[in-house]
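Topology and contacts: notes
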Protein chains: 2
Amino acid sequence: MEFLGSAMNELCFTQESNRRGRLGRRKVEYDDTREYKSKNLHAERRRRQKLSDRLLALRSMVPIITNMNKATIIEDAITYIQELQQNVKLLSDQLLEMEGSSEEAVQTRSDEINAAEEMKNCGIMEDVQVTNIDRNKLWIKIILEKKRGRFTRLIEAMTYLGLELTDTNVATSKGAMLVSSCVEGSYGDTLTVEQTKDLLLEIIKSI
Amino acid sequence: MEFLGSAMNELCFTQESNRRGRLGRRKVEYDDTREYKSKNLHAERRRRQKLSDRLLALRSMVPIITNMNKATIIEDAITYIQELQQNVKLLSDQLLEMEGSSEEAVQTRSDEINAAEEMKNCGIMEDVQVTNIDRNKLWIKIILEKKRGRFTRLIEAMTYLGLELTDTNVATSKGAMLVSSCVEGSYGDTLTVEQTKDLLLEIIKSI
DNA sequence: TCCTACACGTGACAC
DNA sequence: TGTGTCACGTGTAGG
């Protein structure tokens, strides 16, 4: 049973010291003139080169390399994979938690969509009416989609834009919200019907 | 220059065919009786075993293995790492987007906290008053912390629990919300002052 | 000099 | 039959 023949003594070594780290160096140049015992020499050479290339590629994927050794490259790759897996787990958990906490918001939005549909199904349209009921006093009636916090935003906007509400009534039904109120100018300003109606339309569009 | 001496012909091969896949097989048993030319034989054996172990560990980390080859193991590990990196990027992007969209909610909560503090600083306390103004008609006054959507929830709860609101007035100031309303039983039921006050306190506690 | 890590060619298998 | 993969012992370069 023969193994590792003695014909290898003639192998030619050439000292190329163009080392790239420790891996990937080429110490020996192949001598195509001499005869080899094994026929699978080229296949083995290809196999070695392929494995070396893969290892090099793996090294390029891993950010932190402690050593250039083959074994350490694989070891670093393993720790990097573990790190990535943990990262993925952490992120997905965090994402799941966030989705759980924002479930309420999603529910709210779905409620609002349902409210809008119900409102349209019942033939109720958004509407603004303004009537002069006294000197410097207007009576307004607003019909709008019921959305969470929309009444508060409406009151805030009206107050901010100089409409003082003296008596306000709110009713909600079939996905719609009806607001009727007596308003006057915050600083005793006289309000025209057209002016106020345009103002209210602007407010409703923005909230 | 000597290379690969002929003394290796005596190497003993034993045919163990307990193959685990293709990697990790032990075809050759070491013969400690014979003499070896190289002194670094054991070191080389250790190095080979270590590298093989690392490769085995790497294989165990990667879920999908197309082949048991050394090169393919590394290749699969590379693709797995790329997959994991892409996964991390996707998840972190999604998380960032979610945080951005939930910024509004955080702002709302901070507003509510500020409102509650402002309200307490002004010496305003939550309060419920119920007065009988007519047969089957009560006048109620509620002071409570202003929170987004709380008025809507209040009206919904009152309606659901059998309180019909006939005339309602809402004012917000200094982080507080004042609701005054005339109420009667939804189905003509008579309401007592105590009953209604307890009901309102329950509602406010839960919204 | 010693030690570590590497590439080499080779025989043995497996498909 | 041939092609591909593996482990082996070895020589050598660099520390």
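Residues numbered from 1 in each chain as written. Chains lettered and ligands numbered in written order. Predicted model: local features only at pLDDT ≥ 70, side-chain atom pairs only at ≥ 80, totals over all residues. Heavy atoms only, no water.

Labelled according to an unreviewed UniProt entry, chain A appears under the name BHLH domain-containing protein, originating from Hevea brasiliensis. Listed under Subcellular location (unreviewed entry) in UniProt, the entry text for chain A is "Nucleus". (UniProt positions renumbered as here; feature names shortened; annotations may be inferred.)

With that settled, the discussion passes to the sheet that holds strand β3 (residues 163-173) of chain B. Residues and elements named next belong to chain B. With antiparallel pairing, four strands are arranged side by side in an open sheet as β1-β2-β4-β3. Single-partner strands in this sheet number two, and they are β1 (127-134) and β3. With strand direction ignored, the average angle separating the axes of adjacent strands in the sheet is 15 degrees. As defined by bridge partners, strand β2 (residues 137-145) adjoins strand β4 (residues 176-185) across eight bridges and the pair is classed as antiparallel. Each residue of the ladder has a partner; that of Leu138, found in β4, is Val183. (Pairing = 2+ DSSP bridges. Helix = DSSP H or I, 4+ residues; strand = E, 2+ residues; numbered from the N terminus. Axes fitted to C-alpha atoms, helices over the stretch in contact; angles between N-to-C directions.)

To continue, consider the relation of the copies chain A and chain B. Overlay of chain A on chain B (RMSD 0.6 Å): rotation 178 degrees, translation along the axis 0.3 Å. Those values place the two copies in the arrangement expected of a two-fold rotation axis. The position closest to the rotation axis in chain A is occupied by the C-alpha of Gly149 of chain A, lying 2.0 Å away. Most of the interface of chain A is mirrored in chain B, where 98% of its interface residues again form contacts. (Least-squares fit on C-alpha atoms with pLDDT ≥ 70 in both. Contact = heavy atoms within 4.5 Å.)

All right, on to the interface of chain A and chain B then. Taken together, the contacts link 51 residues of chain A with 50 residues of chain B. Carbon and sulfur atoms supply 70% of the area buried between chain A and chain B, which totals about 4,900 Å² over both sides. Summed over the shared surface of chain A and chain B, the number is two salt bridges. Residue Arg54 of chain B pairs with Glu75 of chain A through a salt bridge whose shortest N-O separation is 3.5 Å. At the surface where chain A touches chain B, the tally comes to two residue pairs in polar contact (both at pLDDT 80 or more). Of all the secondary structure elements, the ones that give two or more residues to the side of chain A that touches chain B are α1 (41-61), α2 (70-101), α4 (150-160) and β3 (163-173) of chain A. Residue contributions to the side of chain A that touches chain B peak at 19 residues, all from α2 of chain A. (Buried area = accessible area lost by both parts, 1.4 Å probe. Salt bridge = Lys/Arg side-chain N within 4 Å of Asp/Glu carboxyl O. Polar contact = N/O pair within 3.5 Å; in protein donor to acceptor, adjacent residues only side chain to side chain.)

Here the focus is the UniProt feature "coiled-coil region" (unreviewed entry) in chain A. Per the UniProt entry, the sites bearing "coiled-coil region" (unreviewed entry) are residues 74-101 of chain A in this numbering. Within the segment residues 74-101 of chain A, helix and strand shares are 100% and 0% respectively, and the terminal C-alpha atoms sit 40 Å apart.

Moving on: helix α1 (residues 41-61) of chain B. For α1 of chain B, which comprises 21 residues, the first-to-last C-alpha distance of 30 Å matches the rise-based estimate of 30 Å (1.5 Å per residue) to within 8%. For α1 of chain B, the full list of buried residues reads Leu41, Arg45, Leu51, Leu55, Leu58 and Met61 of chain B. (Expected span 1.5 Å × (residues − 1). Buried < 20%, exposed > 50% of the residue type's maximum accessible area, 1.4 Å probe, protein only.)

On to the sheet that holds strand β2 (residues 137-145) of chain A. All names here are of chain A. Read across the open sheet, the four strands follow the order β1-β2-β4-β3; overall the sheet is antiparallel. Edge strands, defined here as strands with exactly one partner in the open sheet, are β1 (127-134) and β3. With direction set aside, neighbouring strand axes in the sheet form an average angle of 15 degrees. Pairing analysis gives seven bridges linking β1 to β2, with the strands arranged antiparallel.

As a further point, take the packing of α1 of chain B against helix α2 (residues 70-101) of chain B. For any two helices packed against each other, the geometry is given by the interaxial angle and the distance between the axes. Residue and element names in this part refer to chain B. Axis separation between α1 and α2 bottoms out at 10 Å; the angle between their running directions is 45 degrees. The pairing of α1 with α2 is recorded here as oblique in orientation. Two packed elements cross with a definite hand, and for α1 against α2 that hand is left-handed. On the side of α1, the interface is formed by Leu55, Leu58, Arg59 and Met61, while α2 contributes Lys70, Ile73, Ile74, Ala77 and Tyr80. Counted by class, the contact of α1 with α2 contains seven nonpolar, no polar and two charged residues. (Parallel < 35°, antiparallel > 145°, perpendicular 65-115°, else oblique. Left-handed = near helix turned anticlockwise from the far one by under 90°. Nonpolar A, V, L, I, M, F, W, Y, C, P; charged D, E, K, R; others polar.)

Another aspect to go through is the side chain of Thr196 of chain B. Residues and elements named next belong to chain B. By the element assignment, Thr196 lies in helix α5 (residues 193-206). In this structure Thr196 comes out as buried when scored by relative accessible area, which is 2%. Not counting residues up to four positions away in its chain, the partners in contact with Thr196 are Val130, Leu138, Leu163 and Leu191.

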